[in-house]
Amino acid sequence: PVFLVFILSDKNNIFKGLLWVLPKKYQADAVELATRANDVTEKYFNGRFLSMFILSVFFTVVFLVFGFGLDKAIFFGFTLGFLDLIPYVGGFIGIALPVLYSFTIADQVLLGEYAFIGLIGINMIAQFLQGNVLQPYIMGKEVNLHPLLVLSSFIFFGALFGITGVILAIPITGTLKTTLEYYRGEQNG
């Protein structure tokens, strides 16, 4: 995280330094490609935050229906939505707190002492739908990638780089696509 803060705060200086190293004839292409890559990355994060927000609101409503109270429902719902940043395991880490909390108020919640089964079941269904329908659709629209390409990029980059690959799959795929479009357009134009 510290590295990322410095990179983001000095990204223009870092880019100028990298540009300075390139021969003059490649600098215009490098600027265009960097602009396109930055655009793809921004759209990726916009889509990611939209997906997280939808998931947060959904789980807030679920926790309200279960009878957690407004303050706890908002806290647990948005914690679960935020932890969606961690691929595969974030949703299961996020459901642990509400499940444990449901044991302490078993006499006040929907399904009583079996509320944890309902919460885990709803979480599994929601994570499945979010990962296989909502996220590919939103990311496809934001980054202009087909949802099947989004899912394929998760598998490919996940197998290649692990969890880091899953996190970076969409920005890498989007950047590769815009790079190919740029060079293909340059050859035709």
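Check the entry above for the structure.
From a predicted model like this one, the values you see are computed outputs, not experimental measurements.

K.L.:
Mind laying out the environment of Ala34, listing which residues take part and the relevant values?
P.N.:
Tracing the chain through its elements places Ala34 in helix α3 (residues 24-66). For Ala34, a relative accessible area of 27% puts it in the partly exposed group.

K.L.:
Any details on the pattern of salt bridges? Residues and values, ideally.
P.N.:
When the charged atoms of two side chains with opposite charge come close together, those side chains can pair. Overall, the coordinates contain five salt bridges when judged by the stated rule. Across the pair Arg36 and Glu32 runs a salt bridge whose closest N-O atoms are separated by 2.8 Å. Within this pair, Arg36 and its partner Glu32 are both found in helix α3, separated by four residues, close to a single helical turn. Under the relative-accessibility criterion, Arg36 is labelled partly exposed at 26%. Note on Glu32: relative accessible area 30%, which makes it partly exposed. The salt bridge partner of Asp84 is Arg48, with a shortest N-O separation of 3.7 Å. Of the two residues, Asp84 sits in the loop between α4 (70-82) and α5 (90-104) while Arg48 sits in helix α3, which places them 36 residues apart along the sequence. What makes Asp84 buried here is its relative accessible area of 7%.

K.L.:
Talk me through the nonpolar core; I want residue IDs and the actual numbers.
P.N.:
Residues Phe59, Phe63, Phe66, Phe68, Ile95 and Leu119 are the most contacted members of the largest nonpolar core, which totals 16 residues. Looking at this core, the elements with two or more residues in it are α3, α4, α5 and α6 (115-143). No other element matches the five residues that α3 contributes to this core. Sequence-distant contacts of Phe59, defined by excluding residues within four places in its chain, comprise Gly77, Leu80, Ile122, Asn123, Ala126 and Gln127.

K.L.:
Give a description of the environment of Phe49 that names residues and reports values.
P.N.:
In this structure, Phe49 sits in helix α3. Accessibility expressed as a relative area gives 47% for Phe49, which makes it partly exposed. Between the C-alpha atoms of Phe49 and Gly81, which are 32 residues apart in sequence, the distance is 9.2 Å.

K.L.:
Explain α6 to me, and be specific about the residues and the numbers.
P.N.:
Taking the largest bend as the criterion, α6 deviates by roughly 45°, centred on Gln130. Backbone geometry just after α6 places Asn144 at a positive phi near 65°.

K.L.:
Please provide a residue-by-residue account of unusual backbone geometry, values included.
P.N.:
Outside of glycine, negative phi angles account for most residues, and trans bonds account for most peptide bonds. The phi dihedral of Leu111 falls on the positive side, at around 75°, and the residue is not glycine. Within the fold, Leu111 resides in the loop between α5 and α6. If you check the backbone angles, Asn144 has positive phi at about 65° while not being a glycine. One can find Asn144 in the loop between α6 and α7 (147-161).

Procedures and definitions
Residues numbered from 1 in each chain as written. Predicted model: local features only at pLDDT ≥ 70, side-chain atom pairs only at ≥ 80, totals over all residues. Heavy atoms only, no water. Helix = DSSP H or I, 4+ residues; strand = E, 2+ residues; numbered from the N terminus. Buried < 20%, exposed > 50% of the residue type's maximum accessible area, 1.4 Å probe, protein only. Salt bridge = Lys/Arg side-chain N within 4 Å of Asp/Glu carboxyl O. Core = buried A, V, L, I, M, F, W, Y, C linked by side-chain atoms within 4.5 Å. Contact = heavy atoms within 4.5 Å. Bend = angle between axes of the 7 residues up to and from the residue.

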